[in-house]
Amino acid sequence: MTMPQLAVTLSGLAAIGWINWYFFAALRSRVAASPADSGLQRFTITVDGGYEPAALRVRAGQPVRLEFRRIDDGSCTEEVVLGDFNLRVFLPSGKTTAVEFTPQKPGSYLFTCGMGMVHGRLEVTA
Amino acid sequence: MTTATTGPVHPELTIPVSGMTCAACSARIQRALEKTPGIDRASVNLMINAATVVLDPGKITPEQVCAVIRETGYGASLPAPDAEVEEIVAEQDRERNAEERLLRRKMAWSLLAAVVVTLLTLPLAEAEPAQGASDPLMRLMMPVAELLRTLAPPLFALPAALLRWILMAVTLPVVVWAGRDFYRRAWAAFRHHSAEMNTLIAVGTGAAFVSSVAMTVAASWFERRGLPVQVYYEAVVWIIALILLGNYLEARAKASTSTALRRLIRLRPQVARVIRDGAEHEIPLGLVVQGDLLLVRPGETIPVDGMVVDGVSAVDESMLTGEPLPVRKEAGSRVTGATLNQDGAFRFRATHVGRQTVLSRIIELVRQDQGSRPPIQRLADRVAAVFVPVVISLSIATFVLWFDFGPEPSYLRALVNAVNVLVIACPCAMGLAVPTAVMVATGRGAERGLLIRGGEALERTERIGVVVLDKTGTITEGAPAVTDVRAFGRLADSEELLRLAGSLEQHSEHPIARAIVRHARELGVGLMDPQEFTVHAGLGVAGTVNGRKVIAGSPRLLRQLGVDLTGPEGQGTPDTGTAQASVVVAVDGRLAGLVTIEDRVKSHSGAAIGRLKALGLRVVMLTGDRRATAERVGKEVGADEVIAEVLPDQKLAEVKRLQAGGSVVAMVGDGLNDAPALAQADIGIAMGSGTDVAMETGAITLMRSDLGGVADAFLLSRRTMRVIRQNLFWAFVYNVVGIPVAAGVLYPVFGIVLTPPMAAAAMAMSSVSVVGNSLRLRRA
């Protein structure tokens, strides 16, 4: 194996490793945001090719209000899906759209774009 | 549903109020409203920014209430019916239209640029043997190159370096303008640790473009080291053009998936003809309030739900129920907003307006259902979540393998095939496979009067093995009707018999009595007031009609009253709650005849049960009837099994018993008195009579009371699931086959590699074909 081949092989492996860390592990380790006050569990989430904050922590059995402020205009993020709560909501670009539901069971749930590629996480604690 | 009252109705009206900042504001408005004549009660809520008033529609109109609020200095306007759903859909349309227009423009210019770049690449391929050597498309273009040579010979005289600069100049605007969104969105997603379709396009075209630019700008650097120089501008432009074409077609097709919902929304008329103070006014639909008296002329659309006060007409309800035949309406009939009045005129009182109407509820349900996800989607979700990073990893691996083991020039081949992998991978096909099919299917169902409550219902319906039909009201009409009038001897002919019995029964509330009276009226038999009348509870009635002594009731009553019942004709026994009952009639103390009353089997029931059986379903009839009667009806309609003598509260247990036997059970009922059984069944199908349905009861709600709809629902579910499976299969297989081919697995044996434009075309077509396949359900 020549030097360039060795260099390309090693960089390739490193790149693969980094990509998988960046898209999977790094996301999972992010700290979940908690609602500001103890009453209504309310979050404003900025939608711009992704969700910010992308990890939320809420309590079970209490209503949650997610306000999605969508600033991008790609068709990917035009819908947000909370599959476990049977919600699929259209988010008009440049507007804030509220989604309300009450998670009953503790656990980790995903909210994703219409095609399931962009995601955020909802941690429901008891 | 509530029934219309005939007295004065004082409806409650909620009006949004703007500009309130404190309790003093709301108190001021409230005082102003309370002082206004015609307003019975008013309450202004600061929290919800609305005023709720109870008003007398004869004295004040909703517009006047708004005017009163506006006089106090605050804003008020009436809510448009269903503004929310309409607005969302309109917003969605606007955004889609804008997106479509922009995509179309970008796509057209990119395609044009792609043609120009391809033509310019031809002379470059001549000048630079490395360029296009491995490209089968370029070989195909040879005749075009010959033609170009005769048409524009100077092009071929240009040095390769200059051609590369010209190509870069043409490609740059395509990347920066047409492809801008790919890079912008990919970057935005990247910042959030997400990767999506745009990531693949951006990395793919980005790698090809950047390497091409490097080889254009620093060509001599490569040449000095003996490395062949090759640019991929044509690949970059073609990828962008074809993906834009795919996105454009996809956007158009996606818009078609919700046409059914749009059609439902358009059913709503704009104006209503309301009668106030004895005068007829044409007012916007949003101003109609509960309790309004409305006039409908021939050919007009009924504005809201209500109950006919006077007039007779036939109404076409097919747009909501799928029932093709017009339905007769007369005083006391329910009418539904959005249905079409045909030949007569009538007046009706509004019972449900705005979001309470059947149409609004259907629209809302369809909108919810279209967003729901069948469990089968989870598989696609799991793949989608890891798809893009995995594909990028594969692409890097492809680069490394070609670089290490590929033929020379290995770094160019490595680059092309790595780009191919990125470009051919299509997460969209997978993401669209299930939701588009669910959208189209639920919309199509709603158009045919079948409300399938979401993806899970679709999926579960497919697994059903046993269909339990509640006999009364499902297989049969659910209301007893006279099926036969037989006169014995010469005491009275059958018409006279009906007149005498009917006159007597007019004053009884018993369902059988009412059936006799209705039958007499339908036949135009004039009824008289009985001179004398006695009810024998549970047995029948006796009295004097037109001077003749008449008894109508059970044989026991007749025997009690001394009528001789010997002879075969006297054997019929009336028994309420069974399919068939007979009322024996005696005139002047002697047996005169027999009126047979039956809960008739609906005309479509037999055929519909035949269709269910043809679908491979086992049809079980459930009834409270005595076994003999039940068996007879069961045989008539062709049920596989009859479970008779089931008390209403035992229906649930019967469904459980069938489930315990391992069957996946669908239960069909009216949704009113069998709600627990419907809920227990794996799929509860609530069958409405007309449009009066408990819509939320079943997993499937049929807007019309026809068993054929059950078969339609099963058929639609099966077709939808088939389309979903085809979509998923195609999306998976496409990627599972396409990605390795793009990576070059066929090269060692067959020498086959793809070019980036081929990969881009395949990718664009795969998602379009998935949406196209779902759209086939529009005709299901």
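Since this is a predicted model, take the numbers as computed values, not measurements.

Scanning chain B from terminus to terminus reveals 29 helices and 26 strands. Here chain B has a C-alpha radius of gyration of 37 Å; the compact-globule value for 780 residues is 28 Å, and the former is much larger. Along the longest, intermediate and shortest principal axes, the C-alpha atoms of chain B span 125 × 70 × 50 Å. Within chain B, the fraction of its 780 residues that count as buried is 56%. Pairs at least 24 residues apart make up 68% of the contacts formed inside chain B by residues separated by at least 6 positions. In the form shown here, chain B has an accessible surface area of approximately 32500 Å², with 57% of it arising from carbon and sulfur atoms. Distance between charge centres in chain B, computed from 79 positive and 77 negative side chains, equals 4 Å.

The next point concerns the pattern of salt bridges. All names here are of chain B. Taken as a whole and judged by the stated rule, the model has 36 salt bridges over all chains. Ionic pairing is found between Glu462 and Arg725, a salt bridge with its closest N-O pair at 2.9 Å. Residue Glu462 is located in helix 18 (residues 454-463), and its partner Arg725 is located in helix 27 (residues 708-743); the two are separated by 263 residues in the primary sequence. The residue Arg704 makes a salt bridge to Asp706 at a minimum N-O spacing of 3.1 Å. Each member of the pair, Arg704 as well as Asp706, is classed as buried. One connected set of salt bridges, linked through shared partners, spans Arg273, Glu280, Glu282, Arg297 and Glu300.

Turning to the sheet that holds strand 26 (residues 700-702) of chain B, a few remarks are in order. Residue and element names in this part refer to chain B. On the basis of which strands lie adjacent, the open sheet formed by seven strands has the order 14-26-25-24-15-22-23 and mixed pairing. Only two strands of the sheet have a single partner each, and these edge strands are strand 14 (450-452) and strand 23 (641-643). For this sheet the average axis-to-axis angle between neighbouring strands, irrespective of direction, equals 20°. Bridge count between strand 15 (residues 466-470) and strand 24 (residues 665-669): four bridges; the pairing is parallel. In the strand pairing of strand 24, Val467 is matched with Ala666.

All names here are of chain A. With respect to the helices, strands and loops of the structure, Thr77 is situated in the loop between strand 4 (64-70) and strand 5 (79-82). A relative accessible area of 1% means that Thr77 is categorised as buried. Along the primary structure Thr77 and Gly116 are separated by 39 residues, whereas in three dimensions their C-alpha atoms are 9.6 Å apart.

A cluster of nonpolar residues, Met1, Met3, Leu6, Leu10 and Leu13 of chain A, forms a patch on the protein surface that exposes about 570 Å² of accessible area. Structurally, the position occupied by Met3 of chain A is in helix 1 (residues 3-28).

We now examine helix 25 (residues 651-660) of chain B. Residue and element names in this part refer to chain B. Of all the residues in helix 25, the buried ones are Lys651, Glu654, Val655, Leu658 and Gln659. Along the axis of helix 25, the buried residues cluster in a sector spanning 140°; they form a single face. Here the buried face of helix 25 lies against strand 15, strand 22 (618-622), strand 23, strand 24 and helix 26 (675-680). Downstream of helix 25 by a residue or two, Gly662 has a phi angle that is positive, lying close to 95°.

On to a positive patch on the surface. Residues and elements named next belong to chain B. A cluster of basic residues, Arg719, Arg722, Arg776, Arg778 and Arg779, forms a positive patch on the protein surface. Mapped onto the fold, Arg722 is located in helix 27. Taking the relative accessible area as the measure of exposure, Arg722 reaches 49% and is therefore partly exposed.

This part takes up the pairing of strand 13 (residues 346-352) of chain B. Residue and element names in this part refer to chain B. Burial analysis of strand 13 places five of its seven residues in the buried class, the great majority of the element. Alignment of strand 7 (residues 293-296) against strand 13, held across four bridges, turns out to be antiparallel. Note that in strand 13 the partner of Leu293 across the bridge is Arg349. As defined by bridge partners, strand 8 (residues 305-311) adjoins strand 13 across six bridges and the pair is classed as antiparallel. Paired with Asp310 across the two strands is Arg347, which belongs to strand 13.

A few words now on empty space enclosed by the protein. The gaps left among the atoms become clear once a water-sized probe is rolled over them. If you walk through the whole model with that rule in mind, you get three cavities of 30 Å³ or more. Space inside the largest cavity adds up to approximately 60 Å³. If you go around the largest cavity, the residues you meet are Phe23, Phe24, Met117 and His119 of chain A together with His193, Ser194, Ala195, Ala384, Ala385, Val388 and Pro389 of chain B. Of all the secondary structure elements, the ones that give two or more residues to the lining of the largest cavity are helix 1 of chain A together with helix 15 (377-405) of chain B. The biggest single contributor to the lining of the largest cavity is helix 15 of chain B, with four residues. Looking at the lining of the largest cavity residue by residue, the class counts come to eight nonpolar, three polar and no charged.

With that settled, consider the nonpolar core. The tendency in soluble globular proteins is for nonpolar side chains to be buried side by side. In terms of nonpolar packing, the biggest core is built from 158 residues, with Tyr51 and Phe68 of chain A together with Phe714 of chain B touching the most fellow members. Looking at this core, the element that brings in the most residues is helix 27 of chain B, giving 15 residues. Beyond its immediate stretch of four places on either side in the chain, Tyr51 of chain A contacts Ile45, Thr46, Phe68, Glu79, Val80, Phe111, Thr112, Cys113, Val118, His119 and Gly120 of chain A together with His192 of chain B.

Residue and element names in this part refer to chain B. Taken as a whole, chain B shows an average pLDDT of 81; of its residues, 91% reach a score of 70 or greater. The secondary structure element of chain B with the lowest average pLDDT is helix 4 (residues 136-140), at 66, and the one with the highest is strand 7, at 92. Low pLDDT, under 50, characterises residues 1-9; the stretch is placed with 16 contacts to residues that sit more than four places away or in other chains.

Residues and elements named next belong to chain B. Read from one edge of the open sheet, six strands run 6-5-7-13-8-11, paired in antiparallel fashion. Each edge of the open sheet carries a strand with a single partner, namely strand 6 (279-284) and strand 11 (334-335). Pairing of strand 5 (residues 271-276) with strand 6, which is carried by six bridges, proceeds in the antiparallel orientation. If you follow Arg276 over to strand 6, its bridge partner there is Ala279.

For the rest of this paragraph, the subject is the packing of aromatic side chains. Aromatic ring pairs are defined here through the distance separating the ring centres and the angle between the ring planes. The tally for this structure, following the rule as stated, stands at 19 aromatic pairs over all chains. Relative to Phe190 of chain B, the ring of Phe23 of chain A has its centre 6.1 Å away and its plane inclined at 80°; by these criteria the two rings are edge-to-face. Placement of Phe23 of chain A in helix 1 and of Phe190 of chain B in helix 8 (residues 180-191) is noted, with the two residues assigned to different chains. On the basis of relative accessibility, which here comes to 21%, the residue Phe190 of chain B falls in the partly exposed class. Members of the aromatic cluster, joined through ring pairs, are Trp18, Trp21, Tyr22 and Phe23 of chain A together with Trp187 and Phe190 of chain B.

How each quantity is defined
- Residues numbered from 1 in each chain as written.
- Chains lettered and ligands numbered in written order.
- Predicted model: local features only at pLDDT ≥ 70, side-chain atom pairs only at ≥ 80, totals over all residues.
- Heavy atoms only, no water.
- Helix = DSSP H or I, 4+ residues; strand = E, 2+ residues; numbered from the N terminus.
- Rg over C-alpha atoms; globule rule 2.2 N^0.38 Å.
- Buried < 20%, exposed > 50% of the residue type's maximum accessible area, 1.4 Å probe, protein only.
- Contact = heavy atoms within 4.5 Å.
- Areas by Shrake-Rupley, 256 points an atom, 1.4 Å probe, with all protein chains shown as cover.
- Lys, Arg positive; Asp, Glu negative; His and termini not counted.
- Charge placed at Lys NZ, Arg CZ, Asp CG, Glu CD.
- Salt bridge = Lys/Arg side-chain N within 4 Å of Asp/Glu carboxyl O.
- Pairing = 2+ DSSP bridges.
- Axes fitted to C-alpha atoms, helices over the stretch in contact; angles between N-to-C directions.
- Patch = residues over 30% accessible without salt bridge, like charges linked within 9 Å, V, L, I, M, F, W, Y side chains within 5 Å.
- Arc of directions from axis to C-beta.
- 1 Å grid on protein atoms, 1.4 Å probe; cavity = no way out; pocket = protein on both sides within 12 Å on 5 of 7 lines; lining within 4 Å.
- Points joined across faces, edges and corners; volume = space filled by probe spheres on them.
- Nonpolar A, V, L, I, M, F, W, Y, C, P; charged D, E, K, R; others polar.
- Core = buried A, V, L, I, M, F, W, Y, C linked by side-chain atoms within 4.5 Å.
- pLDDT = per-residue confidence, 0-100.
- Phe/Tyr/Trp six-rings, centres within 6.5 Å; stacked < 30°, edge-to-face > 60°.

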